[in-house]
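# Analysis of the macromolecular model
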Amino acid sequence: MLGPSNRLTRESIETGRSQRSVYKELTAAATLVPGDSVVHVTANTATDDWALTLPAVGEAAGMVVTIRATIANSKTVEVQDQDDSVGWTNIDLDTDADYVVLYCDGVYWHTITDGVA
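Figured I'd write up the structure that's included with this text. Everything numeric here is computed off the predicted structure, so don't read it as measured data.

Turning to the overall build of the protein, a few remarks are in order. Of the regular secondary structure elements, the protein holds one helix and nine strands. The proportion of buried residues among the 117 residues of the protein is 32%. In the protein, once contacts between residues fewer than 6 apart in sequence are set aside, the share between residues at least 24 apart is 49%. Accessible surface, the protein: about 6,500 Å² in total, of which carbon and sulfur atoms supply 51%.

Here it is in structure tokens:
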């Protein structure tokens, strides 16, 4: 039986995803799926501006996601919902080292903390 101390292993079994697959390295428009919990996004001259879409709130209930940005040359990564989170406002990551930690309760995406300059 898997107890609280085996949380990562238990989550891997329950979601069918490797523990390593929770980390995403993105350089182009993408939509996250439940389980993508640590995301590094890059926008620069080679990648241009783009949008990162969060999972649907109904599917992401209980999810926490951390998004960290590497930004250069006045580019932007816009974090957006699927037009299903009540009161959502898109978040622009437009400065190197910007970050945001979000939590989904099944109705809202809540900003836990952000380091958006």
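The next point concerns unusual backbone geometry. For residues that are not glycine, phi is negative in most cases, and the peptide bond is trans in most cases. Although it is not a glycine, Asp48 sits at a positive phi angle of roughly 65°. When you line up the elements, Asp48 lands in the loop between β3 (38–43) and β4 (50–53). Residue classification places Asp48 among the partly exposed positions, given a relative accessible area of 39%.

In this section: the sheet that holds strand β7 (residues 91–93). If you walk across this open sheet you meet the four strands as β2-β4-β6-β7, and the pairing is mixed. Of all the strands in the sheet, just β2 (30–31) and β7 have a single pairing partner and so form its edges. Pairing analysis gives three bridges linking strand β6 (residues 77–80) to β7, with the strands arranged antiparallel. Its bridge partner lying in β7, Glu78 is registered against Asp92.

Further remarks concern the pattern of salt bridges. Under the definition given, this model contains two salt bridges. Here Asp36 makes a salt bridge to Lys24, at a shortest N to O gap of 4.0 Å. Residue Asp36 is found in the loop between β2 and β3, and its partner Lys24 is found in strand β1 (residues 23–26); the two are separated by 12 residues along the sequence. A relative accessible area of 28% places Lys24 in the partly exposed class. Notably, a salt bridge pairs Lys75 with Asp48, separated by 3.0 Å at the nearest N-O pair. Of this pair, Lys75 sits in the loop between β5 (64–71) and β6 while Asp48 sits in the loop between β3 and β4, and the two are 27 residues apart along the sequence. With relative accessibility at 18%, the residue Lys75 sits in the buried group.

Conventions adopted
- Residues numbered from 1 in each chain as written.
- Predicted model: local features only at pLDDT ≥ 70, side-chain atom pairs only at ≥ 80, totals over all residues.
- Heavy atoms only, no water.
- Helix = DSSP H or I, 4+ residues; strand = E, 2+ residues; numbered from the N terminus.
- Buried < 20%, exposed > 50% of the residue type's maximum accessible area, 1.4 Å probe, protein only.
- Contact = heavy atoms within 4.5 Å.
- Areas by Shrake-Rupley, 256 points an atom, 1.4 Å probe, with all protein chains shown as cover.
- Pairing = 2+ DSSP bridges.
- Salt bridge = Lys/Arg side-chain N within 4 Å of Asp/Glu carboxyl O.

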